[in-house]
Amino acid sequence: MKNLTTITDPVFARPIKYTFADLFFLKFIRDERDLPFIYLTLKISLTLIPVGILLYMPFINGWVWWLIAAAYAYLNNFVFKGPFGLMLHCTSHRVFFKKKYSFMNYYLPWVVAPFFGHSPETYFTHHIGMHHAENNLEADESSTMPFQRDSIRDFSIYFGKFLIRGVYDLARYFFYRKRKKLMFRSVRGELLFILFCVAMSFVSFKATLWVFIIPMFIYRLVAMMGNWAQHSFVDASDPGNEYKNSITCINTKYNVKCWNDGYHISHHEKQTMHWTEHPLYFKKTLDKYVSNDAIVFDGIHFLHVFMWLMRKRYDLLAKNFVSLGDKFHSSSEVEAFLRSRTKKIAF
């Protein structure tokens, strides 16, 4: 167990003076705190995307092609995947560009996202239109509740269901909720991505596999691993309570790289809260975490949680568990508490 210490996760600090480039880009965005998103978008647009396009060039072949393919895979999966995915997450909850430049809001989901395996707008419709609306409860097609959440077998079923019929289930959800615009956007985005991959395969199947198809499988696996970890510890007596169906991870490099994504409890409580506000809000609302027996980990992130659950390493989870309110007196008590929150909950 750990005691709560200083929070090191990033908060907004206005610079003494903005650069010329900063001032130029600030004209377009709604919130000055999102300026880092501009520079991340530029980095991706000037590195990853050109490298991906190079793989389609007929004069690139042999060992040079594979060298460029390795560079693309490295940039995609180890440099940009997390930051881009969570930038897309933040800009789905809070509109990025000003109304005057609203057409620019299409650039991330329609141009950049496919290079990371996202079919256009399906992330928005799934996450905003369904997941937050249903809050991991029965109608949430990505709910973790009916699964044993420390079971590799159950996660495999969970992921397989999402991979094979995820968009179908999402469209069906919107159809029965009479939210046909979101249903149309979901189906349109998925079908256009599939058709685009088919068309590009006639140009070069090898390049399309490497640039778009493999990233799609990796993204969907990582997304489901993340959602599984975020909603692994659910109180069966109060599963709709954000403090009892989600977790928070503090003081981790992941929060620096991925825009405070570890604050999943407060994100579900206030989904439009700006990413820089979560650490301060966490300290401000500590009494809620204590009174609701909320689960907070220090120094680890969601993939740690996922991997340790799959290995049933509750000892490691307990080691990084933050003791709030002095309710636990030993690691064994924490382990028992965490195990009780991962059991299947029948709908």
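Residues numbered from 1 in each chain as written. Predicted model: local features only at pLDDT ≥ 70, side-chain atom pairs only at ≥ 80, totals over all residues. Heavy atoms only, no water.

Focus: the environment of A199
Counted only if it meets this: Put simply, DSSP H or I for four residues or longer makes a helix, DSSP E for two residues or longer makes a strand, and each gets a number counted from the N terminus.
Locating A199 in the fold gives a position in helix α8 (residues 180–230). For the pair A199 and L46, spaced 153 residues apart in the sequence, the C-alpha separation amounts to 24 Å.

Considering the state of the cysteines
Cut-off, in case you're wondering: Throughout, a disulfide means two cysteine sulfur atoms within 2.5 Å of one another. Each residue's exposure class comes from its accessible area (1.4 Å probe, protein chains only) as a fraction of the maximum for that residue type: buried when under 20%, exposed when over 50%, partly exposed otherwise.
One pass over the structure, following the stated rule, counts zero disulfides. C90 takes part in no disulfide bond, and the closest cysteine sulfur, belonging to C258, lies 9.6 Å away. Under the relative-accessibility criterion, C90 is labelled buried at 13%.

Examining unusual backbone geometry
With phi around 55°, K312 is a residue other than glycine that occupies positive phi space. By secondary structure assignment, the location of K312 is in the loop between α14 (302–310) and α15 (314–319). Residue D326 is not a glycine yet carries a positive backbone phi of 55°. You can see D326 is positioned in the loop between β4 (322–323) and α16 (331–340).

What about the side chain of H278?
To be explicit about the condition: Throughout, a contact is declared for two residues whenever any of their heavy atoms are within 4.5 Å.
For H278, the position within the fold is in helix α12 (residues 278–284). Apart from the residues within four sequence positions on either side, H278 is in contact with Y263, S266, H267 and M273.

Details of the layout of surface pockets
Stated formally: A cavity, in this analysis, means grid points on a 1 Å lattice covering only the protein atoms where a 1.4 Å probe fits yet has no way out; a pocket is instead an open set bounded by protein on both sides within 12 Å along at least five of seven lines, and a residue lines either one if it has an atom within 4 Å of a point. Grid points are joined across faces, edges and corners, and a volume is the space filled by probe spheres set on the points. Amino acids outside the nonpolar list (Ala, Val, Leu, Ile, Met, Phe, Trp, Tyr, Cys, Pro) and the charged list (Asp, Glu, Lys, Arg) are all regarded as polar, and Gly is one of them.
Here the largest pocket is characterised by a volume of approximately 1100 Å³. Lining the largest pocket are 44 residues, and of these L86, Y219, V222, A223 and M224 sit closest to its centre. Looking at the lining of the largest pocket, its residues break down into 21 nonpolar, 17 polar and six charged. The volume enclosed by the second largest pocket comes to roughly 420 Å³. If you trace the second largest pocket, you find 19 residues lining it, with T91, N105, P109, F124 and R185 closest to the centre. Looking at the lining of the second largest pocket, the elements with two or more residues in it are α4 (62–93), α5 (107–112) and α6 (122–134). In terms of residue count, α4 provides more of the lining of the second largest pocket than any other element does, three residues in total.

A closer look at the UniProt feature "domain: Fatty acid desaturase" (unreviewed entry) in the protein chain
Filter applied, for reference: UniProt positions are given in the numbering used here, feature names are shortened, and annotations may be inferred rather than shown by experiment.
What UniProt calls "domain: Fatty acid desaturase" (unreviewed entry) maps, in this numbering, to residues 85–289. End-to-end, the C-alpha atoms of residues 85–289 are 27 Å apart, and along that stretch the chain is 63% helix and 2% strand.

Some details on the packing of aromatic side chains
This is how the line gets drawn: Aromatic contacts are taken between Phe, Tyr and Trp rings whose centres are within 6.5 Å, Trp giving its six-membered ring; a plane angle under 30 degrees counts as stacked, one over 60 as edge-to-face, and the others as tilted.
Applying the stated criterion across every chain, the model contains 34 aromatic pairs. Relative to W275, the ring of W259 has its centre 5.1 Å away and its plane inclined at 70°; by these criteria the two rings are edge-to-face. Taken together, the residues W259 in the loop between α10 (253–257) and α11 (264–269) and W275 in the loop between α11 and α12 connect sequence positions 16 residues apart. Here the two residues W259 and W275 agree in accessibility, since each one is buried. Pairing F282 with Y289 gives two aromatic rings, centres 4.8 Å apart and planes at 75°, and the pair type is edge-to-face.

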